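Working through the structure, step by step
The lines below spell out each chain.
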Amino acid sequence: MLKSTYDKALVLALAAPVLVVTFLLARTPSGGNGVETRFWAERRASARIEARLTYPEADRYRPRVSAGGCLIPPEPIPLKELARLEEDGDWAGIAAAYGLQSEWNQAGSFLERMTASPDRDSDLAAVHLARGAHEKALRLLDGVLASKPAHPQALWNRALVLRDMGLTMKAAETFEKVAALGEQGWSREAKAHALTLREETQERARKWRGARDATLALMDDAQAPLPLQEARQSPGVVRQHFYDVVRAAPSKERVLALIPLARELDRIQGGSSLGDYVTRVASRDFARRGELSKGYAELVRKRVSAPESLVESVRASGEDDLFVGLALHNKAALRYLPDLVSRAQREQDSWFNLFLERELARKETADGEWWKAEQRLFNALQRCREGAFSTRCVELEIRLGILYADLRRLTEAEQHTRTAWSWARQLQEWDLELTALENLNHIARDRGDFSSAIAYVEEWSARGGRDRIDTCYWSHINQAHTYYLALRPEAARGALDAAAACPQAPLDLMFGATFAELARAHPDPKDAERLHHVLDVARVSNPIPGDAVYARYIEGRFALDREHARGVELLTRAIEDARKLPSTDVLARESWTLSYSSLVTDAGRTGDYARVLELMAAQLETQVPAKCALAAAVHSERSVAVARGPNGELVGDYQGDRKAPFAESLSAQLVPERVRQALRGCPQVDVLAWAPVFGRTDLLPSEQPWSFRMGRTLPPAGGAPTSRRLVVSSVEAPALLQLPRLPNWTPPTEPEPTALELLSGSDATPSRVLSRMSDATEIEIHAHGISDPVLSDAALVVLSPEGNGRYALTADIVRKQRLAAAPLVFLAACSAGRLASTTTHEPFSLPAAFIEAGARAVLASTVDIPDAAGRFFDGVRQRIRQGTAPAVALRDERQKWLARDARNGWTHHVLLVETSD
């Protein structure tokens, strides 16, 4: 009944915002101000919102009273008062009235009509907060506080956002800033919130550290009390260090003294594995084991890695548990994994077996078999949840988050990392909370959410950091790099200087790369000396080939604006050296990309627009277009766009001080109108672009035929291939992905001019699809695409699983294939054309991968598409078969669909990638 009443009110509100009424407010005889005061008093009296609104009448303090958990719908807003506000054009007042009643959609619709301002943005952030869109809210509030640091409502709302994100120490700090403003009511409540949040957070830290220290005390003091109470409160950290205590025990008596603690941990988490372990160790010959245990204890105390010789010596001694412990402390688990598995299986310790599952998944990932790792981690998590819920479950969730982050599946990475973070808080596993925070920082930065990335770093730092990580350096260098990516050079330089000032700062390659970029904006006479010191440190500590190439890129990037010829030489050499290394060398590939983008934007800076085209063509391994071409590139705050018109004339635009990251800007800001005008009269346009520009579908007007160009069409081996169309449809997605079944593909009613092969159901596995693609002239895939729906992450296509669990068709797999018949490829899967995330340095997408494998053209959508999209792709295919150029065919079919129904706007986001002849 309550829901029905609310729905009716909402329908009226959507139909006409001023007609939300079931009664009229009785006016006082005097009307005017008295009525107005009564109107707002009644709005505040019924309000239960936490957020603050900037409209003065809506922001007067009143304590919030619990409704006892019952949902009581608010009284409808009086018509006459809303009409008065509308007549006055007071959109802020109407938005505030709706906001006080938690009708946030209506409040947001009025706020979005208003011009951006600190007050409007603070209120709009409250709308996003209510919707759970914390990233958007935080970004708006950071903008408000950058211009007005003491804005009371923005500070309050930011504290709420941080609290809801779990960043409790920064939320407490922000509430304290509100309290310092001395506002009646608000300051007292803010102080109480700050005290509660800070105390709850620090209490978890105290309990975790107390449990850890009480357990490790058993290594040094035979008379230390057994931490039985700590084991009941924080069993994870006690058990984690209990293994070290047993391994370090120098005598049988010291081991037997640990039996009560072992039994208590077994009682809490089930089984008898620890009691059995202690009994086995007590039976060992301590005349031999004693000295080894003492050496182990010394390594644990100093927190240093064991020498390889010691690991091998203990390995041969038969003391299995000591060998396992040394291998783990030496971070050599992957190297000794088969031996670790065989020895640990003899222990029959479910806790430790879950750890081995995590390590086996790491190895499978390192071997390129990530789908096996994914399934292994899911299976281990299921067993972990069915048993005694423990710290190991948190570690498995963290590992799954890291796996998805490496695969650029950032939404899934964030979901699993947040789950791990929530579990860590529940289990009072302080160290794992901090690990989750570190991973959330990297995920947020990779997806271009810089406000959240900074907030995670600040929270990590406010909590005191984590053992074995330099708290000072880690926080400052991560802030510096994030500020640099967000195009906030002054903040980045300040954080970079703070990182350099940290005691024993490692000054790694991240420092060098950030420093080289920032030094050109704010040069200092001592910069060259500082950079040489950084590179000297990097060369000594990173003798890996890819790292050496990256160091050369940094040096060239720094020199380009000071010693131009030397900078060009170093960057060119970095490109050549990177090309010699395997494509799996991430730093080498990144060096190659960044060196090219540095040279391209530098050519734009000097006005050498012909050189821009030449460099872009070389990077894309395609021909330099003689006419009708657009080249566009972005490198940090620099960008260049060059058009070559129908008569070969060049028009270029260079921008050297972009104020916002490219992902947040419109393509019109990259390719201004005068550059677009130079391409008028072109029957179609070849676009040369690399990440992050590659994949943008709004570079040119939709009525102008154009396509991305990369690579060259290779002549088919053995002459013209036999025409063959491969269709993949009706795949059986793995149950773990919980994806709905797609409609079956309907074969054409008319006879096909080419041979048709259909792979569907359980036959549509990655290996079969890859095999049948090799000599197809047309490839059409109807399946689910998985990618990040918030920002642009590289997609994968979900196929039916193999016997080993592998189900995904990904860019890295496709690019290794050889498509001998130079096929035309249609990816009719949601978001299959999405590019990897905004901070990646490579067009790591399925269309680019198919081109690298030998396709002559690829069509794919960069957004989610309806089921009817298959007919759209079929229309484009038919036009191409009739002899129309692919870019023109795409444009014509798009216009046909838009003329039929304006809701087909998704067709604007279908991109085309072609090779040059």
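This text goes with the structure placed above it.
Bear in mind that the values here come from a model prediction, so they are computed numbers and not experimental data.

1. Focus on the overall build of the chain
Counting its regular elements, the chain contains 40 helices and 14 strands. Relative to all contacts within the chain whose residues are 6 or more apart in sequence, the contacts with residues 24 or more apart total 66%.

2. Let's talk about the packing of aromatic side chains
Within this structure, the stated rule accounts for 22 aromatic pairs. On the basis of an interplanar angle of 80° and a centroid distance of 6.1 Å, the ring pair of Trp-370 and Trp-371 is categorised as edge-to-face. With a centroid separation of 5.4 Å and 65° between ring planes, the pair formed by Trp-592 and Trp-690 is classed as edge-to-face. Within this pair, whereas Trp-592 is found in helix α32 (residues 586-605), its partner Trp-690 is found in the loop between β4 (685-689) and β5 (706-712), the two being separated by 98 residues in sequence. In this pair, the class of Trp-592 matches that of Trp-690, namely buried. Grouped by ring-pair contacts, the aromatic residues Phe-826, Phe-872, Phe-873, Trp-897 and Trp-906 constitute a single cluster. Positioned above the aromatic ring of Trp-897, the side-chain terminus of Arg-900 is 5.0 Å from the ring centre.

3. Describing the state of the cysteines
Taken as a whole, this structure holds three disulfides when the rule is applied. Between the sulfur atoms of Cys-472 and its disulfide partner Cys-502 the distance amounts to 1.9 Å. When the S-S torsion is -80°, as for the bridge of Cys-472 with Cys-502, the disulfide is left-handed. Pair noted here: Cys-472 is in helix α26 (residues 471-485) and Cys-502 is in the loop between α27 (489-500) and α28 (509-519), with a separation of 30 residues, a long-range link. Its relative accessible area of 27% is what places Cys-472 among the partly exposed residues. Shown here is the disulfide that connects Cys-628 with Cys-682, its sulfur atoms set 2.3 Å apart. Across the S-S bond of Cys-628 and Cys-682 the torsion is about -95°, and the bridge reads as left-handed. Of this pair, Cys-628 sits in the loop between α33 (609-620) and β1 (629-635) while Cys-682 sits in the loop between α35 (673-677) and β4, placing them 54 residues apart in sequence. The same class applies to Cys-628 and to Cys-682, which are both buried. Described in terms of the sequence order of its bonded cysteines, the disulfide pattern of the chain is 1-2, 3-4, 5-6.

4. Things to note about the environment of Gly-368
Here Gly-368 shows up in the loop between α20 (350-366) and α21 (370-386). Between the C-alpha atoms of Gly-368 and Asp-812, which are 444 residues apart in sequence, the distance is 9.8 Å.

5. Considering the layout of surface pockets
Approximately 1,600 Å³ is the volume attributed to the second largest pocket. Residue lining of the second largest pocket: 44 residues in total, with Gln-240, Arg-358, Asp-431, Arg-466 and Arg-468 positioned closest to the centre. Where the lining of the second largest pocket is concerned, the elements lending two or more residues are α10 (186-220), α12 (235-248), α16 (286-302), α18 (320-329), α20, α22 (391-406) and α24 (430-446). Class assignment for the residues of the lining of the second largest pocket results in 17 nonpolar, seven polar and 20 charged.

6. Focus on the pattern of salt bridges
Oppositely charged side chains are able to pair whenever their charged atoms sit close together. This structure, assessed with the given rule, holds 74 salt bridges. Its salt-bridge partner being Asp-142, residue Arg-158 comes within 2.8 Å of it at the nearest N-O pair. Of this pair, Arg-158 sits in helix α8 (residues 152-164) while Asp-142 is found in helix α7 (residues 134-147), placing the two residues 16 residues apart along the sequence. Take Arg-158: its relative accessible area is 12%, and that puts it in the buried class. Take Asp-142: its relative accessible area is 23%, and that puts it in the partly exposed class. Here Asp-577 makes a salt bridge to Arg-552, at a shortest N to O gap of 2.7 Å. Taken together, the positions of Asp-577 in helix α31 (residues 564-580) and Arg-552 in helix α30 (residues 545-559) put the pair 25 residues apart, joining distant regions of the chain. Bridged by salt links that share partners, the residues Glu-517, Arg-520, Arg-557, Asp-561, Asp-602, Arg-605, Glu-637 and Arg-638 form one connected network.

7. Some points on the nonpolar core
Counting residues in hydrophobic clusters, the biggest one holds 109 residues, and the most contacted among them are Phe-511, Ile-554, Val-687, Val-728, Ile-781 and Phe-850. Of all hydrophobic cores here, the second largest spans 105 residues; its members include Phe-110, Leu-140, Val-238 and Leu-326.

8. Considerations on the sheet that holds strand β10 (residues 796-798)
If you trace the three strands from one edge of the open sheet to the other, you get β9-β10-β11, paired in antiparallel fashion. Taken across any chain shown, the strands that pair with only one partner, and hence form the sheet edges, are β9 (785-786) and β11 (808-809). Across two bridges, β10 lies against β11 in antiparallel orientation. Following the sheet pairing, Val-797 is matched in β11 by Leu-809.

9. Focus on the side chain of Asp-602
Here Asp-602 shows up in helix α32. Classification of Asp-602 as buried rests on a relative accessible area of 4%. Separated by 2.7 Å, the side chains of Asp-602 and Arg-605 make a polar contact. The contact partners of Asp-602, leaving out residues within four places of it in the chain, are Leu-560, Asp-561 and His-564.

10. So, empty space enclosed by the protein
In this approach a probe as big as a water molecule rolls over the atoms, and the regions it shows empty are the leftover space. Applying the stated criterion across every chain yields a total of five cavities of 30 Å³ or more. Reported here for the second largest cavity is a volume of approximately 150 Å³. What lines the second largest cavity is a set of 13 residues, among which Tyr-243, Tyr-277, Asp-321, Glu-347 and Phe-352 lie closest to the centre. Residue assignment for the lining of the second largest cavity shows that the elements contributing at least two residues are α12, α15 (273-282), α18 and α19 (337-345).

11. Section: the packing of α22 against α24
Between α22 and α24, whose axes approach to 11 Å, the crossing angle comes to 15°. The angle between α22 and α24 falls in the class roughly parallel. Relative to α24, the crossing made by α22 is left-handed. Contacts between α22 and α24 involve Thr-391, Val-394, Glu-395, Ile-398, Ile-402 and Ala-405 on the former and, on the latter, Leu-432, Thr-435, Ala-436, Asn-439 and Ile-443. Partitioning the contact of α22 with α24 into residue classes produces seven nonpolar, three polar and one charged.

12. As for the pairing of β4
Here β4 lies mainly inside the structure; five of its five residues are buried. Across the two faces of β4 the burial is the same, with Val-685, Val-687 and Ala-689 and Asp-686 and Leu-688 all buried. As paired elements, β4 and β5 share three bridges and run parallel to each other. Considered in β5, the bridge of Val-685 is made with Trp-706.

13. Points about the pairing of strand β8 (residues 778-783)
Within β8, six of the six residues are buried, which leaves it mostly tucked inside the rest of the structure. Side chains Glu-778, Glu-780 and His-782 project from β8 onto one buried face, and the interleaved Ile-779, Ile-781 and Ala-783 project onto a second face that is buried too. Where strand β6 (residues 724-731) and β8 come together, four bridges link them in parallel fashion. Across the sheet, the residue bridging to Arg-725 is Glu-778, located in β8.

Reading the values: rules and limits
Within each chain, residue numbers correspond to sequence positions counted from 1 in written order. Only residues with pLDDT of at least 70 are given local features in this predicted model, and only at 80 or more are side-chain atom pairs given and counted; all residues enter the totals for whole chains, interfaces and linings. Hydrogen atoms and water are omitted, and side-chain values are computed over all heavy atoms in the structure. Runs of E in the DSSP output that reach at least two residues are strands. Runs of H or I that reach at least four are helices, and both are numbered from the N terminus. By the convention used here, residues are in contact when the closest approach between their heavy atoms is within 4.5 Å. Working definition: rings of Phe, Tyr and Trp (its six-membered ring) pair if their centres are within 6.5 Å, and the pair is stacked with planes under 30 degrees apart, edge-to-face with planes over 60 apart, and tilted otherwise. The rule is simple: take the accessible area with a 1.4 Å probe, protein chains only, and divide by the maximum for that residue type; under 20% is buried, over 50% is exposed, in between is partly exposed. Ring-over charges, as used throughout, are those where CZ of Arg or NZ of Lys falls within 6 Å of the ring centre and within 35 degrees of the ring normal. Note on terminology: pairs of cysteine sulfur atoms within 2.5 Å are recorded as disulfides. Only protein atoms enter the 1 Å grid used here. Points where a 1.4 Å probe fits but cannot escape make up a cavity, open sets with protein on both sides within 12 Å along at least five of seven lines make up a pocket, and a residue lines them when an atom lies within 4 Å of a point. Grid points are joined across faces, edges and corners, and a volume is the space filled by probe spheres set on the points. Each residue receives one of three labels: charged for Asp, Glu, Lys and Arg, nonpolar for Ala, Val, Leu, Ile, Met, Phe, Trp, Tyr, Cys and Pro, and polar for the others, Gly being one of them. Any carboxyl oxygen of Asp or Glu that lies within 4 Å of a side-chain nitrogen of Lys or Arg is treated as forming a salt bridge with it. What makes a nonpolar core is a set of buried Ala, Val, Leu, Ile, Met, Phe, Trp, Tyr and Cys residues whose side-chain atoms join them at distances within 4.5 Å. Between any two strands, at least two bridges found by DSSP are needed for them to pair. Two N or O atoms form a polar contact when they lie within 3.5 Å of each other; inside protein one atom must be a possible hydrogen donor and the other a possible acceptor, and for residues adjacent in sequence the pair counts only when both atoms belong to side chains. An axis is simply a line fitted to the C-alpha atoms; with a helix, the fit covers only the stretch in contact. Between two such axes, the angle follows the N-to-C directions and lies from 0 to 180 degrees. For classification purposes, an angle smaller than 35 degrees is called roughly parallel, one larger than 145 roughly antiparallel, one from 65 to 115 roughly perpendicular, and anything else oblique. Each crossing gets its handedness from the near helix: less than a right angle anticlockwise from the far helix is left-handed, clockwise is right-handed.

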